[in-house]
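# Secondary and tertiary structure notes
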Amino acid sequence: MEKDSAHAHKWGSPWIDQMGIFLLTKQEQQLLWQACQDLNPELIKPLQLWKDVEQYIQNNGTCFFKLSTASSKDVTLDDGKGPSCKADSVERLFKALTRSFRIMEYLEDDKIDYAIVLTKWNDKIDFKKEYRCFVVDGVCEAISHMDDCQDPSPEIKTLIHQYIDQHKEMFPVSAVALDLCVTNDSEIIFIEFNPIDEELDSYGIIDRNVQISEKMYAMLQQPSKF
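Residues numbered from 1 in each chain as written. Predicted model: local features only at pLDDT ≥ 70, side-chain atom pairs only at ≥ 80, totals over all residues. Heavy atoms only, no water.

### Some details on helix 2 (residues 48–60)
The terminal C-alpha atoms of helix 2 lie 18 Å apart, and with 13 residues this matches the ideal 18 Å at 1.5 Å per residue to within 8%. When helix 2 is considered as a whole, its buried residues turn out to be Leu 49, Trp 50, Val 53, Tyr 56 and Ile 57. Relative to the axis of helix 2, the buried residues are bounded by an arc of 130 degrees and lie together on one face. Facing away from the buried surface of helix 2 by more than 90 degrees, the exposed residues are Gln 58 and Asn 59. On its buried face, helix 2 sits against strand 1 (19–23), helix 1 (26–38), strand 2 (63–67), strand 3 (86–87), helix 3 (90–97) and strand 4 (115–120). Immediately downstream of helix 2, the backbone of Gly 61 shows phi near 85 degrees, a positive value. (Helix = DSSP H or I, 4+ residues; strand = E, 2+ residues; numbered from the N terminus. Expected span 1.5 Å × (residues − 1). Buried < 20%, exposed > 50% of the residue type's maximum accessible area, 1.4 Å probe, protein only. Arc of directions from axis to C-beta. Contact = heavy atoms within 4.5 Å.)

### Describing the side chain of Ser 72
Mapped onto the elements of the fold, Ser 72 is located in the loop between strand 2 and strand 3. The class for Ser 72 is buried, based on a relative accessible area of 0%. Here Ser 72 is in contact with Phe 65, Ser 84, Cys 85, Ala 96, Ser 100 and Ile 103, once residues within four sequence places are set aside.

Limitation: the analysis is restricted to geometry and does not speak to function.
Here's what the structure looks like:
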């Protein structure tokens, strides 16, 4: 069975080698969901999960974090410390998670195993330099600039195609949307994988009349699993 690209903890090596992966037990998942309902991160504090996450942050410094299927991007924390997916403490991390309706909606499905995923914060990653790449059977069929949904420059397109050709054998599934950041000095930084479905066409692939295969077109018509 192929690994599910929607779940970060199932991507496998090398993608998760530098990440902290904390699989949630059903009890932890239920308690985190309840903490979201109550807007009360203190419910998590007695759990070993709290201590494990705290230790990871102490060892690695400020981190990016998410639930394995989604980040808390619907949350704004007015504390002057940056985006809600950036944690310099375990308290800030669970405060963001428990205020996120996105996270709460995912946790309602107790048939799915979730994880909290952390990785060391990288200041080189800039949303204005991120690209979503649609790869089907090893072929990069389309690339969309995340900031304005346009095609990348020829130079950046070449860098991205070279990266994909080098790493495609290690992708978790044969059809995947790959998010990358291309820095000013042409370094490519992996962000995450996503499944290809209709939710992703907000990046304008069909609307821009980009030529894609029938297989990818059918995927972009499929409703999201989540």
